[in-house]
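Residue-level structural notes
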Amino acid sequence: MTKVIDLGGKWLCKIEGMEAREAVLPGTLDENGIGFPDTGNNQWKAADAGINENCDEKAEDTGAGDDLLKRNVIRTRLTRNYTYEGPAVFTREEELEPRPGERYFLFAERSRKASLRVNGTIAPQSVQGTVSTPYEFEITGLVRKGINTLELTSDNSYPGWPRDAIVFSSAATDETQTNWSGFLGRLEMRVEQSDFIAAVRVYPGEAAADAEVELDLASPRKGTLSLASDAFEDPALLEYDLPAGRHTLRKAGIALKKDVRLWDEEQGELYALTVSGDGLESAFVRFGVRTFGARDGRLVLNGRPIFIRSEANCCVFPETGHMPMSVEGWKEVLGIFRSYGVNCMRFHSHTPPEAAFIAADEMGMLMEPELSHWNPRTAFEDDASWAYYNLELREVLRNLANHPSFVMLSFGNELGCGALGTRRMTILLNRARDIDPTRLYEEASNPFLGGIGPNPQSGYYASHRYFKENLRATSACMVGYLNEKYPSARENFSAGIGEIRKEYAGPVFGFEVGQYEVLPDFAEWDGHKGVTRPDNYRWIEANVRAKGFEEDWKKRVEATGELSLLGYREEVESILRTPEMSGISLLGLQDFPGQGTALVGMLNAHLKPKPYDFARPERFRAFFRPALPLALMEKYTYTAGEELRVPVRFANYGRKDLNGTGAVRLLRGDAVVGEAKLKDMSLPTGALTDVGEVSFPLDGFAVPARLDLAIELGGEKNSYPIWVYPEIKELRTGDVLMTQDAQEAFAALECGKKVFLTPQAVDPMRFEKAKAAMNAMFSGKAAPADAEEGEEHFPGSVQAQFTTDFWSVGTFASQSGFMGLMMDPAHPVFASFPTEGHTNWQWWPMCRGRAFRLPAGRKAIVTGLDCYARMRSLGMLMEARAGKGSLMLSGMGLCEGMEYPEVRALAQSILDYMNSPAFAPDQEVTPEELRAIVR
């Protein structure tokens, strides 16, 4: 009988430059308070971001805590309380009584580059470990009766391994889980018989399974093993006659029962397999029966096309600085993501411990780990790197073979390389399939940043683009249709997939889709006592106070969160409208507290829903779900008298076909103003079904109205906002001077007139410049110097955009940092322009303009929100007394957008307000202040 000796507890730890001290294992140096101050040497692109040295105008100290604005704190990521890179030696004495015929092993589930000495002698690895897989050392000839000295070393400088590629990855970056050092998970000594079953692996297929059994023999042995499972028609027998050593036996074609229960999404059907015989101690493993692969360019699970609703997990665990190691811990993590609609977890450049896959097996969650590899320039070209990642791939596949949740694996994140690395990628793809053909493999997630297309041998292609064809709605530098094209509910990526199909037939899904930034909720860090400090958040918080934004900060967070949610929804639905795609991988539902502080989530860094309505799981799950009706509207805004024509589709990627009648209703509040029935029809799984088209006449709208188009079909619901405006053939200006000319406006103000000044603000070349900036970034060149052109009428202004900022300016420093709009919907200026307190689709044309700098202490009617790093006080619409007159100043480029009904409606609503007694600005701007912001 195998005996296990738990080695958890107190050890003596020694690192270079510090006296030895007591530490507890399992644990890390950080958790044991061992190391040195974090000076930010591993800070992510701080100089490029300009947020350490150049955070716009300097804020003044405004009170307690605001000394952060003056101190040299790390502003691009969390700060470790303790940091150290190099060998950490853990020593412990263990009393043992080895007996003849016993074999001793030391097992360490997770570490960095680890080694072991027993009584001063180096112990050989019986199972080679990596940063992603366990270590096993055989110490049979090294232990002795009595006191034995164990000396474990964890080296997070990775000598002999590709240090930079590992430390750049989520497996070891200080941007998220930290480059910790120590030993995590199971740490134990195991006493085995002289001969034993070392491992069992099961590879189920459609009707039969293959199995591998590893025998570790101290001497030659001959016999027969029995492989028994309730999933098999009959026990399988495996005969062997082997010399001493570790051997792998394979039994192919074990018939499965015809009524075998299949593992599937949200169905954690698992079976036990017992291997026994010939006096060996029996071995027991769990496995699931499922097939996973590709057919007709789609991902297929158990013969059914599926749609991946994936989240990129970047290993953000600020309390511990490392991922959970228990099954229950991972059930909690996966359950949180499932509550938002996730059915697949992508582990960005890392592989979680086996506990994560055990939890996923039981929950029916798909899993896509990656090698600990992020090298966008020379992947696999260094021989040390090539050797290491071959080892890591082999050990990941061996260690996780029995887990049905493990369906895909990528060789790293955004890898790039030359001809040698590319050849080696192909070798590795073939090698992975030879080891385990029951999974799909990709040469990299977003390989070559989408610049050269997929490897023909790759099992799938996850990318944000294919050459110039985008595969998501927004990318770096705000490139993508969501900001470039007038909004509709019809955009898809079929054209891009068509180009891909000219050279690649495999499944395609979206990569790191979303990345819509949300302003931070500082209360998240109240009571935080982890191994990291949120100095970057506290610096932002101090800047908020210094800039005077504290009073309405929660409204700013809410406005950016609602807009972020809108962006995520459009991303999801656009891919659902693309029947050739196999899904979407988000980045991300959880905030990323590094890389310049990329707060893009509905969940905070602690995996808690943010305390705002936009972050409720049910709101995200409303569109991120297995089946969803879709309205393919031409646009969101209409003129009264138009006809609303709505093609309806139904995306069904659940486990079953759906049927039933349905209806499309046009609602004004709770009142039904139009209804169209949908015919009874089959809605097959694995397909986007054309349901038909409905239409509604938009007559009788004498005043602007916000409506909702609600679809109910197959037991599923969806709804869309639309706006209807009365036709405006000519603006009614009354006694207001409406002009684009600042000099004309200044003169009129001196004459005591009411002036609506709306200078030209739309740069028609904006996205050509943005694409040039993005291409320069991908090629490693400097961004073009004309990034701020188009501000000739608004000195020092900021380029607006429809969505919130992409990821963070800490990573993409050329972005303007604009974060959407905020306004008070009850303000009388909006009496004829229905709006919420945040950007929605009807604001798209206005967001092509520029956000001007507000003079100190002044407020805007429509506020332009700025990113945390720059925190400028911005306006898109401001009223003020100026000279002898009254001014309304717009940076929205309204005169350039008069072809849009929403622009005409807003302009008329502003004019009506200015012609009413309500227009009585309570703030004033001096002529000098006015000329400083507009000309």
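Scope of this entry: the structure provided in the associated data block. Because the structure is a prediction, the values reported are computed rather than measured.

Describing the sheet that holds strand 16 (residues 221-229)
Strand pairing in a sheet relies on backbone hydrogen bonds, with the paired strands running either antiparallel or parallel. Strand order in the open sheet made by the 4 strands is 17-16-19-20, with antiparallel pairing throughout. The open sheet is flanked by strand 17 (236-242) and strand 20 (280-287), the only strands paired with a single partner. The average undirected angle you get between the axes of adjacent strands in this sheet is 20 degrees. Pairing analysis gives 6 bridges linking strand 19 (residues 271-277) to strand 20, with the strands arranged antiparallel. Looking at strand 20, one finds that Ala272 is bridged to Arg286.

Regarding empty space enclosed by the protein
Here the structure, examined in full by the defined rule, presents 5 cavities of 30 Å³ or more. In this structure, the second largest cavity occupies an estimated 70 Å³ of space. Taken together, Val202, Tyr203, Pro204, Phe287, Gly288, Arg290, Ala401, Asn402, His403, Pro404, Thr438 and Arg439 make up the lining of the second largest cavity. Element by element, the count of residues in the lining of the second largest cavity is highest for strand 14 (residues 196-204), at 3 residues. Considered class by class, the residues forming the lining of the second largest cavity number 6 nonpolar, 4 polar and 2 charged.

Regarding the pattern of salt bridges
Taken as a whole and assessed by the stated rule, the structure comprises 62 salt bridges. Glu512 serves as the salt-bridge partner of Arg346, at 2.9 Å between the closest nitrogen and oxygen. Within this pair, whereas Arg346 is found in strand 25 (residues 344-347), its partner Glu512 is found in strand 32 (residues 508-514), the two being separated by 166 residues in sequence. Like Glu512, Arg346 is buried.

A closer look at the packing of helix 3 (residues 327-339) against helix 4 (residues 354-363)
Between helix 3 and helix 4, whose axes approach to 8 Å, the crossing angle comes to 55 degrees. Compared by their axis directions, helix 3 and helix 4 come out oblique. Classified by chirality, the crossing of helix 4 by helix 3 is right-handed. Taken together, the residues of helix 4 that come into contact with helix 3 (itself represented by Val327, Trp330, Lys331, Leu334, Gly335 and Arg338) are Ala355, Ala356, Ile358, Ala359, Ala360, Glu362 and Met363. Looking at the contact of helix 3 with helix 4 residue by residue, the class counts come to 9 nonpolar, 1 polar and 3 charged.

Comments concerning unusual backbone geometry
A cis geometry characterises the amide bond from Leu25 onward to Pro26, with omega recorded as 0 degrees. Mapped onto the secondary structure, Pro26 falls in the loop between strand 3 (21-25) and strand 4 (27-28). Geometrically, the link from Leu587 to Gly588 is a cis peptide bond, its omega value of -15 degrees lying close to zero. If you check the backbone angles, Asn302 has positive phi at about 55 degrees while not being a glycine. Here Asn302 shows up in the loop between strand 22 (298-301) and strand 23 (304-305).

What to know about the side chain of Asp763
Structurally, Asp763 can be placed in the loop between strand 44 (754-757) and helix 13 (766-778). The class for Asp763 is buried, based on a relative accessible area of 15%. Side-chain polar atoms of Asp763 contact the backbone nitrogen of Met765, separated by 3.0 Å.

Comments concerning helix 10 (residues 553-576)
For an α-helix the count is 3.6 residues per turn, leaving residues at separations of three or four pointing the same way. For helix 10, built from 24 residues, the straight-helix expectation of 34 Å at 1.5 Å per residue is met to within 8% by its first-to-last C-alpha distance of 35 Å. Burial runs high along helix 10: 20 of the 24 residues are buried.

Some thoughts on the nonpolar core
Membership of the largest hydrophobic core comes to 227 residues, with the highest contact counts inside it found for Phe411, Met633 and Trp843. Counting residues per element, this core draws most heavily on helix 10, at 10 residues. Residues contacting Met633, with those up to four places away along its chain left out, are Ser488, Ala489, Arg490, Tyr638, Leu644, Val646, Leu709, Tyr720, Pro721 and Ile722. Ranked by size, the runner-up nonpolar core spans 28 residues in total, among them Ala209, Val213, Leu225 and Phe287.

Structural notes on the layout of surface pockets
Each pocket or cavity is described by its volume, and for the largest pocket that value is around 1,300 Å³. For the largest pocket, the lining is made up of 44 residues, of which Arg186, Ala198, Ala199, Glu354 and Asn399 are closest to its centre. Among the secondary structure elements, those contributing two or more residues to the lining of the largest pocket are strand 7 (103-110), strand 11 (135-138), strand 13 (182-192), strand 14, strand 20, helix 4 and helix 5 (383-399). Grouping the constituent residues of the lining of the largest pocket by class yields 20 nonpolar, 8 polar and 16 charged.

Some words on the sheet that holds strand 15 (residues 208-217)
In spatial order, the strands read 14-15-18; together these 3 strands make up an open sheet with antiparallel pairing. Each having just a single partner strand, strand 14 and strand 18 (245-255) make up the two edges of the open sheet. Sheet twist, expressed as the mean angle between neighbouring strand axes with direction ignored, is 15 degrees. As paired elements, strand 14 and strand 15 share 8 bridges and run antiparallel to each other. Pairing of Val202 across the sheet is with Ala211, part of strand 15.

Quick look at the side chain of Glu902
With respect to the helices and strands, Glu902 occurs in helix 14 (residues 901-914). For Glu902, which is buried and forms no salt bridge, the nearest opposite charge comes from Arg904, at a distance of 7.2 Å. Within polar-contact distance, the side chain of Glu902 engages the side chain of Thr637 at 2.8 Å.

Remarks on helix 14
For helix 14, which comprises 14 residues, the first-to-last C-alpha distance of 20 Å matches the rise-based estimate of 20 Å (1.5 Å per residue) to within 8%. Summarising burial for helix 14: 13 of the 14 residues are buried, a large majority.

Side note on the state of the cysteines
This model, assessed by the stated rule, comprises 0 disulfides. Cys315 supplies the cysteine sulfur nearest to Cys314, a cysteine that is in no disulfide, at a spacing of 8.8 Å. By relative accessible area, which is 5% here, Cys314 ends up buried.

Quick notes on the packing of aromatic side chains
Here the structure, examined in full by the defined rule, presents 38 aromatic pairs. Taken together, a centroid distance of 6.0 Å and an interplanar angle of 65 degrees make the contact between Phe357 and Phe406 edge-to-face. Here Phe357, found in helix 4, pairs with Phe406, found in the loop between helix 5 and strand 27 (408-410); they are 49 residues apart in sequence, far enough to count as distant. Considered together, Phe357 and Phe406 belong to a single accessibility category, that of buried residues. With a centroid separation of 5.5 Å and an interplanar angle of 85 degrees, the aromatic rings of Tyr516 and Tyr568 are classed as edge-to-face.

What counts and how
- Residues numbered from 1 in each chain as written.
- Predicted model: local features only at pLDDT ≥ 70, side-chain atom pairs only at ≥ 80, totals over all residues.
- Heavy atoms only, no water.
- Pairing = 2+ DSSP bridges.
- Helix = DSSP H or I, 4+ residues; strand = E, 2+ residues; numbered from the N terminus.
- Axes fitted to C-alpha atoms, helices over the stretch in contact; angles between N-to-C directions.
- 1 Å grid on protein atoms, 1.4 Å probe; cavity = no way out; pocket = protein on both sides within 12 Å on 5 of 7 lines; lining within 4 Å.
- Points joined across faces, edges and corners; volume = space filled by probe spheres on them.
- Nonpolar A, V, L, I, M, F, W, Y, C, P; charged D, E, K, R; others polar.
- Salt bridge = Lys/Arg side-chain N within 4 Å of Asp/Glu carboxyl O.
- Buried < 20%, exposed > 50% of the residue type's maximum accessible area, 1.4 Å probe, protein only.
- Parallel < 35°, antiparallel > 145°, perpendicular 65-115°, else oblique.
- Left-handed = near helix turned anticlockwise from the far one by under 90°.
- Contact = heavy atoms within 4.5 Å.
- Polar contact = N/O pair within 3.5 Å; in protein donor to acceptor, adjacent residues only side chain to side chain.
- Expected span 1.5 Å × (residues − 1).
- Core = buried A, V, L, I, M, F, W, Y, C linked by side-chain atoms within 4.5 Å.
- Lys, Arg positive; Asp, Glu negative; His and termini not counted.
- Disulfide = S-S within 2.5 Å.
- Phe/Tyr/Trp six-rings, centres within 6.5 Å; stacked < 30°, edge-to-face > 60°.

Interpretation note: all reported values are geometric properties and have no functional meaning in isolation.
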